[in-house]
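A look at the structure
Here are the chains, one letter per residue:
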Amino acid sequence: MVAGPLPPPASRRDSPRTDAEPLAFTRTEFLAGTARAWGATTLLLVLAWAVLTGGFSLVVGTVVIVLASLPAVVIGSPGAYALGRLLRRSPRVGAHLFAFTAYGALVGVVTTAIALRAFTGDSGDGWVGSIAFLVNVPLSAIGLAGAWFITMRRALRLDAAGFGEVAPTPDADAAAEDALDERYRVIDPGRRRPQRPRG
């Protein structure tokens, strides 16, 4: 009995990327990118504020940053999803990076303004607010754009690896004939052609 064609690898069967939508994404990929963006931006902000304060407010600053970053994910995720869907037909990575950098900066502005009002009562007009915006906005932009880039590269690498593992579909009849030829082959030394044994 000859086995049928091998199925493609299950891991990449559901890839949404096509020629028409080269940078489409799944819900799982979006959630992974969101987690990366949150983790990267939070880490960058914790490190930056630790350096700026000489480590003085490392614990308090970390708590404040984590508390402020969770609403940032809630505020920023729907827009990031919509932006990704809008750009999914564009293969230009630079355009995506520019868009997600700008969007990350916007999320940084909104989140910083809300955090300043909630934690310090400052509207952002004073020197504390100015420093907060100067630090938080660029790092939010870098964190979001970097997370998008890493997630995109990982998804494309997995696609390439998955497609590389797909075996060509064998012809069942040809495979059966080849198996019979191998089993009953008799080589004529003069002509070097396989012949089947008689009767």
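Residues numbered from 1 in each chain as written. Predicted model: local features only at pLDDT ≥ 70, side-chain atom pairs only at ≥ 80, totals over all residues. Heavy atoms only, no water.

**What about the overall build of the protein chain?**
A count of helical and extended segments in the protein chain gives five helices and two strands. For the protein chain, buried positions account for 31% of its 199 residues. Long-range contacts, defined as pairs at least 24 residues apart, comprise 68% of the intrachain contacts of the protein chain with a sequence gap of at least 6. When the accessible surface of the protein chain is totalled, it reaches about 13,000 Å², and 66% of it is carbon and sulfur. (Helix = DSSP H or I, 4+ residues; strand = E, 2+ residues; numbered from the N terminus. Buried < 20%, exposed > 50% of the residue type's maximum accessible area, 1.4 Å probe, protein only. Contact = heavy atoms within 4.5 Å. Areas by Shrake-Rupley, 256 points an atom, 1.4 Å probe, with all protein chains shown as cover.)

**A look at helix α1 (residues 27-52)**
With 26 residues, α1 should reach 38 Å at 1.5 Å per residue; the first-to-last C-alpha distance of 37 Å fits that figure. Along α1, the residues that are buried comprise E29, F30, G33, T34, A37, T41, T42, L45, V46 and A50. After α1 finishes, the residue G54 shows a positive phi value of roughly 65 degrees. (Expected span 1.5 Å × (residues − 1).)

**Considerations on helix α3 (residues 93-119)**
Given a rise of 1.5 Å per residue, 27 residues ought to cover 39 Å, and the 37 Å separating the end C-alpha atoms of α3 matches this to within 8%. Taken together, the buried positions of α3 are H96, A99, F100, Y103, G104, V107, G108, T111, T112, A115 and L116. Downstream of α3 by one or two residues, G121 has phi in the positive range, about 75 degrees.

**Notes on the packing of aromatic side chains**
By the definition in use, this model includes four aromatic pairs. On the basis of an interplanar angle of 85 degrees and a centroid distance of 5.1 Å, the ring pair of F30 and Y81 is categorised as edge-to-face. Placement of the pair is F30 in helix α1 and Y81 in helix α2 (residues 58-87), with a sequence separation of 51 residues. Note on F30: relative accessible area 16%, which makes it buried. Linked through ring pairs, F25, F30 and Y81 together constitute an aromatic cluster. (Phe/Tyr/Trp six-rings, centres within 6.5 Å; stacked < 30°, edge-to-face > 60°.)

**What to know about the nonpolar core**
Ranked by internal contacts, the top residues of the largest apolar core, which has 15 residues, are A80, L83, F100, Y103, L144 and W148. Residue assignment for this core shows that the elements contributing at least two residues are α1, α2, α3 and α4 (127-164). Judged by nonpolar contacts, the second largest core, of five residues, contains V46, I65, V135 and L139. (Core = buried A, V, L, I, M, F, W, Y, C linked by side-chain atoms within 4.5 Å.)

**Observations concerning the packing of α1 against α2**
Describing two packed helices takes the angle between their axes plus the distance from one axis to the other. Axis separation between α1 and α2 bottoms out at 9 Å; the angle between their running directions is 150 degrees. Of the two possible hands of crossing, α1 and α2 adopt the one that is right-handed. Residues F30, T34, W38, T42, L45, V46, W49 and A50 of α1 pack against L58, T62, I65, V66, S69, L70, V73, S77, A80 and Y81 of α2. When grouped by side-chain class, the residues that make up the contact of α1 with α2 number 13 nonpolar, five polar and no charged. (Axes fitted to C-alpha atoms, helices over the stretch in contact; angles between N-to-C directions. Left-handed = near helix turned anticlockwise from the far one by under 90°. Nonpolar A, V, L, I, M, F, W, Y, C, P; charged D, E, K, R; others polar.)

**A word on the packing of α2 against α3**
Put simply, α2 and α3 touch, their axes get as near as 9 Å, and they point 150 degrees apart. If you check the angle between α2 and α3, you find them roughly antiparallel. Here α2 and α3 pass one another in a crossing that is right-handed. Facing V64, L67, A68, A72, I75, G76, G79, A80, L83, G84 and L87 of α2, the residues of α3 in contact are H96, A99, F100, Y103, V107, T111, I114, A115 and F119. For the contact of α2 with α3, the per-class residue count stands at 15 nonpolar, five polar and no charged. (Parallel < 35°, antiparallel > 145°, perpendicular 65-115°, else oblique.)

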